[in-house]
Amino acid sequence: MEVKDVQLPPDAVKDFLCEKHVKYIRDWESNKNGFEYVMSEYLRMSGLYWCLTAMDLLHHREDMQLEEIAKWVESCRHPDGGYSSSPDLDPHMLYTLSAVQVLVSLDRLTPEAAEGSAKFIKAQQLPDGSFQGDKWGEIDTRFSFCALACMALLNKLDEIRIDAAADFVMKCMNFDGGFGVVPGSESHAGQIYCCVGALAIAGQLHRVDADLLGWWLAERQLPSGGFNGRPEKLPDVCYSWWVLTSLRILGRMHWIDADKLKAFILACQDSETGGFSDRPGDMVDPFHTLFGTAALSLLGDTTLKEINPVFCMPEYIIARAVDLPHLKNVHPVL
């Protein structure tokens, strides 16, 4: 059976274009009248986290307008403590995590903001331990990770029902060792990262069958070197992060061909504009630029700052902000 994959072009980029990526992110963040910026209002808070984190990994955080960023994030805080993607939109778990990540990165999280965020997150936990994204009630294991990651960054993890949250995540585990959006949903690499990360934060990673899940994750690597998110799909740079970091947390990163993965990631750079795309030759964007850069950091690129595999934030920030001793043993350098 033919495998769905891409062919790396003969002239594919083989070097990491650090300075071009810095310029790409700087230009994207400053061009507030551009079409892409205007049309991204619905996810702008996450976009800010992607850009800030990528620039930090690239050793160029100070190139960002840090004071302006902190003020803008606060303008998205709501009376219930949650954050929205942009001012005047509804608060949501996804953007509350991105806002907390940005404020913690900048060391600008006030006690008032921390209390408010914790209150918002606690209000989203349902009786079965799951979390809804907002008042409209959508349930997704992404929100379980958002809740646990937020509360860990706030150092308020004990204010939610941790065991119930972990029990719900385990209900989403499938026969192949993977995890889905809700119980009964198919395994997906993005959801696996969220569930493995949530269990790691909860101190319940022992409940995962690391060999079974590690096998499923390793099977995501295609002949091109890239990862897909589930069987019979094309590779995508973002899964270089979701899959690789899950393997790292499980201690199974050595089960894949790291050199081939690195070649795939580098081939997804745009040699003219900078930035990463999902696959070679496609349009670049901040989302794939962060996760391509983060994956290279995870692979040991010493020109980048070290990334924390659970929170997808620079390791030095997590070392300063998060006090969870059990996390220090879940991602050994391999």
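As a reminder, the structure under discussion sits directly above these lines.
Residues numbered from 1 in each chain as written. Predicted model: local features only at pLDDT ≥ 70, side-chain atom pairs only at ≥ 80, totals over all residues. Heavy atoms only, no water.

**Q** Got a minute to help me understand the overall build of the chain in this structure?
**A** Each helix and strand in the chain was counted, giving 14 helices and two strands. Relative to the compact-globule value of 20 Å for 334 residues, the chain shows a C-alpha radius of gyration of 19 Å, a close match. Once the C-alpha set of the chain is aligned to its principal axes, its extents read approximately 55 × 50 × 35 Å. Of all 334 residues assigned to the chain, the portion counted as buried reaches 60%. Here the contacts in the chain between residues at least 6 apart in sequence split such that 68% fall between residues at least 24 apart. Between the averaged position of the 30 positive side-chain charges in the chain and that of its 47 negative side-chain charges there is a distance of 2 Å. (Helix = DSSP H or I, 4+ residues; strand = E, 2+ residues; numbered from the N terminus. Rg over C-alpha atoms; globule rule 2.2 N^0.38 Å. Buried < 20%, exposed > 50% of the residue type's maximum accessible area, 1.4 Å probe, protein only. Contact = heavy atoms within 4.5 Å. Lys, Arg positive; Asp, Glu negative; His and termini not counted. Charge placed at Lys NZ, Arg CZ, Asp CG, Glu CD.)

**Q** Would you take a moment to explain the packing of aromatic side chains for this structure?
**A** Here a ring pair, both rings aromatic, is described through the centre-centre distance and the interplanar angle of the planes. Within the structure shown, the criterion is met by seven aromatic pairs. Between Phe 287 and Phe 291, the aromatic rings sit 5.0 Å apart at their centres with planes inclined by 70°, giving edge-to-face as the arrangement. You can see Phe 287 and its partner Phe 291 sitting in helix α13 (residues 286-298), four residues apart, about one turn around the helix. The exposure class of Phe 287 is partly exposed, given its relative accessible area of 23%. An aromatic cluster of three or more residues is present, and its members are Trp 50, Phe 145, Tyr 193, Trp 241, Trp 242, Phe 287 and Phe 291. The ring of Trp 216 is capped by Arg 220, whose NZ or CZ atom sits 4.5 Å from the centre of that ring. (Phe/Tyr/Trp six-rings, centres within 6.5 Å; stacked < 30°, edge-to-face > 60°. Lys NZ or Arg CZ within 6 Å of the ring centre and 35° of its normal.)

**Q** Can you walk me through the environment of Phe 291 in this structure?
**A** On the accessibility criterion, Phe 291 (3% relative accessible area) is buried. As a C-alpha pair, Phe 291 and Lys 305 span 14 residues in sequence and 14 Å in three-dimensional space. Aside from chain neighbours lying at most four places away, what touches Phe 291 is Trp 50, Val 237, Cys 238, Trp 241, Trp 242 and Cys 312.

**Q** Please explain the side chain of Gln 221 as it appears in this structure.
**A** Take Gln 221: it is sitting in the loop between α10 (210-218) and α11 (237-250). Among the polar contacts made by the side chain of Gln 221, one reaches the main-chain amide nitrogen of Asp 257 at a distance of 2.9 Å. Each residue touching Gln 221, except ones within four places of it in the same chain, is listed here: Gly 226, Phe 227, Ile 256, Asp 257, Lys 260 and Leu 261. (Polar contact = N/O pair within 3.5 Å; in protein donor to acceptor, adjacent residues only side chain to side chain.)

**Q** Just to check I follow, could you spell out unusual backbone geometry for this structure?
**A** Comment: phi is negative for the bulk of residues other than glycine, and the bulk of peptide bonds are trans. A positive phi is found at His 59, a non-glycine position, where the angle reads about 65°. Its place among the elements puts His 59 in the loop between α3 (44-57) and α4 (66-75). Of note in this structure, Asp 88 is not a glycine but carries a positive phi near 75°. As for its placement among the helices and strands, Asp 88 is situated in the loop between α4 and α5 (93-106).

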